[in-house]
Amino acid sequence: MPQNREGRADRDGVQASSAPFWSVIPAGGAGTRLWPLSRVAKPKFLLPLVGERSLLQETADRLSPLAPAEQTIVVCGAAHAAAIARQLPELPESNLVIEPMPKGSGPAIALATAIVGLHDPEAIVGSFASDHYVEDQDAFVRAARTAIAAAETDFLVTIGLTPTRPETGYGYIERTDDVLVRLETGTAFRAASFVEKPDLARAMQYLESGRYLWNASMFVWRARALLAELERLQPELYAGILRIAEAWGTEAQEAELARTWPTLPESTIDQGVMEQARAVAVVPAAMGWSDVGEWHGLGTLLRRDDHGNSLRGNAVQIGATNCVSWSGTDRLIALVGVDNIVVVDTQDALLVVDRDRSQDVRQLVRALQAAEQSKLL
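Everything numeric in this text was worked out from a predicted model, so none of it was measured.

(A) A look at the packing of helix α7 (residues 235–247) against helix α8 (residues 253–260). In the contact formed by α7 and α8, the axes pass within 8 Å of each other and the chain directions differ by 165°. Classed by the angle they form, the pair α7 and α8 counts as roughly antiparallel. Viewed along their axes, α7 and α8 form a crossing whose handedness is left-handed. Listed contacts from α8 to Gly240, Arg243, Ile244 and Ala247 of α7 are Gln253, Glu256, Leu257 and Thr260. Residue classes in the contact of α7 with α8 are distributed as 3 nonpolar, 3 polar and 2 charged.

(B) Representation of the sheet that holds strand β17 (residues 350–354). A sheet is described by the order of its strands in space; here 4 strands give the open sequence β12-β14-β16-β17, paired in mixed fashion. A strand with exactly one partner marks an edge of an open sheet, and here the two such strands are β12 (310–312) and β17. When strand polarity is set aside, the average angle formed by the axes of neighbouring strands in this sheet is 5°. Across 4 bridges, strand β14 (residues 324–327) lies against strand β16 (residues 341–345) in parallel orientation. Note that in β16 the partner of Ser325 across the bridge is Val343.

(C) Structural detail: the environment of Arg175. As for its position among the elements, Arg175 is in strand β7 (residues 172–183). It is 5.1 Å that separates the C-alpha atoms of Arg175 and Ala192, two residues lying 17 residues apart in sequence. Sequence-distant contacts of Arg175, that is, excluding residues within four places in its chain, are made with Phe189, Arg190, Ala191, Ala192, Gly210, Arg211, Val282 and Pro284. A polar contact of 3.1 Å, which involves the side chain of Arg175, links it to the side chain of Asp177.

(D) Seen up close, the packing of aromatic side chains. Tallied over the entire structure, the rule returns 8 aromatic pairs. Look at Trp214 and Trp289: their rings are 6.2 Å apart centre to centre, the planes differ by 55°, and that puts the pair in the tilted class. Residue Trp214 is found in strand β9 (residues 212–222), and its partner Trp289 is found in strand β11 (residues 289–290); the two are separated by 75 residues along the sequence. In this pair, the class of Trp214 matches that of Trp289, namely buried. Considering the side-chain rings of Phe219 and Trp221, the 6.0 Å spacing of their centres and the 10° angle between planes classify their relative orientation as stacked. Summarising the burial analysis for this pair, Phe219 and Trp221 share the class buried. Through a chain of ring-to-ring contacts, the aromatic side chains of Tyr170, Trp214 and Trp289 assemble into a single cluster. Over the aromatic face of Phe140 sits the side chain of Arg62, whose NZ or CZ is 5.6 Å from the ring centroid.

(E) Region of interest: the pairing of strand β2 (residues 72–77). Across the 6 residues that make up β2, a large majority, 5, are buried. Note that strand β1 (residues 21–27) and β2 share 5 bridges and pair parallel. Pairing of Pro26 across the sheet is with Val75, part of β2. For the handedness criterion, the β-α-β arrangement of β1, helix α1 (residues 55–63) and β2 is classed as right-handed. Pairing of β2 with strand β3 (residues 96–99), which is carried by 4 bridges, proceeds in the parallel orientation. Within β3, the position partnered with Val74 by the bridge is Leu96.

Rules used in this analysis
- Residues numbered from 1 in each chain as written.
- Predicted model: local features only at pLDDT ≥ 70, side-chain atom pairs only at ≥ 80, totals over all residues.
- Heavy atoms only, no water.
- Axes fitted to C-alpha atoms, helices over the stretch in contact; angles between N-to-C directions.
- Helix = DSSP H or I, 4+ residues; strand = E, 2+ residues; numbered from the N terminus.
- Parallel < 35°, antiparallel > 145°, perpendicular 65-115°, else oblique.
- Left-handed = near helix turned anticlockwise from the far one by under 90°.
- Contact = heavy atoms within 4.5 Å.
- Nonpolar A, V, L, I, M, F, W, Y, C, P; charged D, E, K, R; others polar.
- Pairing = 2+ DSSP bridges.
- Polar contact = N/O pair within 3.5 Å; in protein donor to acceptor, adjacent residues only side chain to side chain.
- Phe/Tyr/Trp six-rings, centres within 6.5 Å; stacked < 30°, edge-to-face > 60°.
- Buried < 20%, exposed > 50% of the residue type's maximum accessible area, 1.4 Å probe, protein only.
- Lys NZ or Arg CZ within 6 Å of the ring centre and 35° of its normal.
- Right-handed = clockwise from strand over helix to strand, strands pointing away.

Shown next, in the form of structure tokens:
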């Protein structure tokens, strides 16, 4: 776990920061909108959805030029710890932080930051979701380096994605014109505000203004800066996290975690800290990002034929257009004369949904929960 270290050079020989950088990967959530492929036992971050490696593995690969495995912490639930350890064999066992129960991204990310910060308060920590996709690795690294430099000013920093459409399913970050850091790798601006998911009319205004960026939950901060804001904004959570972190790596670790974690208030790092913090900066970036949130979005990331169809696995089409087909079995999926539908076949469930209603798959999962169909979740 954390040790005091001098600033190190990146693999290309460029000094990235005068403080050590630690990456945190929160690995939680069930990815219910990608049912029936994504399940409670094997959520989307453990699945190879776009390439040959899982989204979690791709996230770790993406962060490897910035922090070695020894300076990477993965926070997860007990149900997924073994699978994560298998997928990331280079990760030290002590760097896998297992939550006794889900409490939201706030406690998870705060604990990882506190574990680093108690050993080195000056360390820079970056948190990046385990289940997102980035097409342009170099653009990601440039944005992260800019965010690391901005975090050395003791601002809490977020990487905001340049919007490509008037998206109503994402939160936004409004930036100012006040430049905090300008480097060859990018520019960090003071942030004006965080904005919740807008309606279509407002999303179009955001897109036209050029001042609003998608909030992709990519955060970078100096450890002591995040903990100071947590103490100010959520003193109860701060006190509990500190007790656990102080016991980390000792014989009292498991007992303190079991005793204190259930008492922590649930929160997200966005609403609990970032939206209320006094000094926040944003680094605009374009990197071909996606949260791989539902079947329509996944279809846009997969290879498409001349008719706009994304066909994965055993499938054939005649006269079909703009469809997504995912065969997870040996059964053939045959599409004839249909348009804009999603078909997903697994061993125990078959999903057919209008592509424009991919978001509604979450409601289907809720209906299964209400019907106590636990074997299908």
